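# Overview (structure and organization)
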Amino acid sequence: MTFNHPHILSLADFTPDDYNAVLQTAASFSDVLSRPTKKAKKLPTLQGRVVTNLFFEPSTRTRSSFELAAKRLSADTLNFAPGSSSLSKGETILDTAKTYLAMGTDIMVIRHKEAGVPQAIAAELDRLNTHVGVLNAGDGQHEHPSQALLDLFTLCFLLDPQSPRLELLSGKKIAIVGDIVHSRVARSNLWSLTATDCEVHLAAPPTLLPQFFAQYTSGQFQERPGKVFVHWSVEPALQDADFVMTLRLQKERMTQHLLPSAREYHHRFGITRDRLELCKPGVKVLHPGPVNRGVEISSDLMDDPQFSLISQQVSSGVSVRMALLYLMGGGK
């Protein structure tokens, strides 16, 4: 099993073998995390390495799971807080990264509200020949690779806990519903899900799934095994779907009034028990979080383990991020 990505900035260049390497490695770590004793949950694979979390944007799940993943692998962790940093004194982002580089950082996990910041830091580190890896933890409206990989792992692990692998999604129909135009998660999910021959159906109001996005998807993914379909109503996307991924309304990124109200959105696109009757029996629902209860998904459905995989996504996040740090860090 090989993995030749010194940085993980996008899933656009991931191959099926790359996905399976992550899935299989995450499965082994998931087994470790399920052990009953706390001592057995910690591995010495990255002992002596330093993982720095450079989060220039608020985060709960992603930041916490990366920190826990690094600690489970026995790495030392450094956490950056922009509010108490030298950025307020005029320091540039690149100089901040170089400061942590001078402290012996081996892997930088970077999240920023502007697209391209992780790529810019990775390019500078490569120019300096540092051999330090950069992992994109979400940049603007570009991508969120680790979230898409944990979503992929959640689905494949559900289908075969002993051997989660990409081809398990072959022939499946997956609906992605919500604020797609602002979603870096959706963009990364499109890369991962179209790596095998499943159908991905996007559904949102035209203001959150404009025509240019439909043209973008048809152009970007036309040569891939999976197929992408765009809908401006939710019912055709849900019809006979095996899985439904809901996305948060990202009001902080909306510069215009794109929706009449949250209530109207829920009435037209909210995922409820009644709407799930359109899907296949046994359909499962995912959400990357945080969730606006009663808006993207009904509160009772979110908490129902018969349908919801949301808590499994959070658990999968630690295993998958352990796998990414391990594969990037050359752990033993």
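Computed from a predicted structure; not experimentally measured.

What counts, and where the lines are drawn
- Residues numbered from 1 in each chain as written.
- Predicted model: local features only at pLDDT ≥ 70, side-chain atom pairs only at ≥ 80, totals over all residues.
- Heavy atoms only, no water.
- Pairing = 2+ DSSP bridges.
- Helix = DSSP H or I, 4+ residues; strand = E, 2+ residues; numbered from the N terminus.
- Axes fitted to C-alpha atoms, helices over the stretch in contact; angles between N-to-C directions.
- Core = buried A, V, L, I, M, F, W, Y, C linked by side-chain atoms within 4.5 Å.
- Buried < 20%, exposed > 50% of the residue type's maximum accessible area, 1.4 Å probe, protein only.
- Domains from an automatic or database assignment.
- Contact = heavy atoms within 4.5 Å.
- Buried area = accessible area lost by both parts, 1.4 Å probe.
- Salt bridge = Lys/Arg side-chain N within 4 Å of Asp/Glu carboxyl O.
- Polar contact = N/O pair within 3.5 Å; in protein donor to acceptor, adjacent residues only side chain to side chain.
- Nonpolar A, V, L, I, M, F, W, Y, C, P; charged D, E, K, R; others polar.

## With respect to the sheet that holds strand β6 (residues 199–203)
Read across the sheet, 5 strands follow the order β7-β6-β5-β8-β9 without closing on themselves; strand pairing throughout is parallel. The sheet is open, and its two edges are formed by β7 (227–231) and β9 (284–286), each paired on a single side. In this sheet, neighbouring strand axes are inclined to one another by 20 degrees on average, regardless of whether the strands run parallel or antiparallel. Relative to β7, β6 runs parallel, the two sharing 5 bridges. When the sheet's bridge partners are listed, A203 is paired in β7 with H231.

## Some remarks on the nonpolar core
Buried together is how nonpolar side chains tend to be arranged in soluble globular proteins. Ranked by size, the top nonpolar core spans 91 residues in total, and within it V177, L193, V244, I271 and L325 carry the most contacts. Two domains each donate at least three residues to this core, and these are domain 1 (7–143 + 314–329) and domain 2 (147–313). Sequence-distant contacts of L193, defined by excluding residues within four places in its chain, comprise L152, L155, L169, I174, I176, C198, V200 and M245. Judged by nonpolar contacts, the second largest core, of 14 residues, contains L54, F80, V117 and V132.

## Quick word on the domain arrangement of the protein
Examined at the domain level, the protein breaks down into domain 1 (7–143 + 314–329) and domain 2 (147–313). The C-alpha-based centres of domain 1 and domain 2 are spaced at 25 Å. Of all residues in domain 1, the largest losses of buried area upon contact with domain 2 belong to Y19, L23 and Q141, amounting jointly to 27% of the total for that side. Counting every contact that joins domain 1 to domain 2 gives 1 salt bridge. The partner of R184 in a salt bridge is E57, and the shortest N-O contact between them spans 2.8 Å. Inspection of the domain 1/domain 2 interface yields 18 residue pairs in polar contact (both at pLDDT 80 or more). Elements supplying a minimum of two residues to the side of domain 1 that touches domain 2: α1 (16–33), β3 (107–112), β4 (133–139) and α12 (310–329). Considering each element in turn, the side of domain 1 that touches domain 2 owes the most residues, 9 residues, to α1. Residues that form the side of domain 1 that touches domain 2 fall into these classes: 12 nonpolar, 11 polar and 6 charged.

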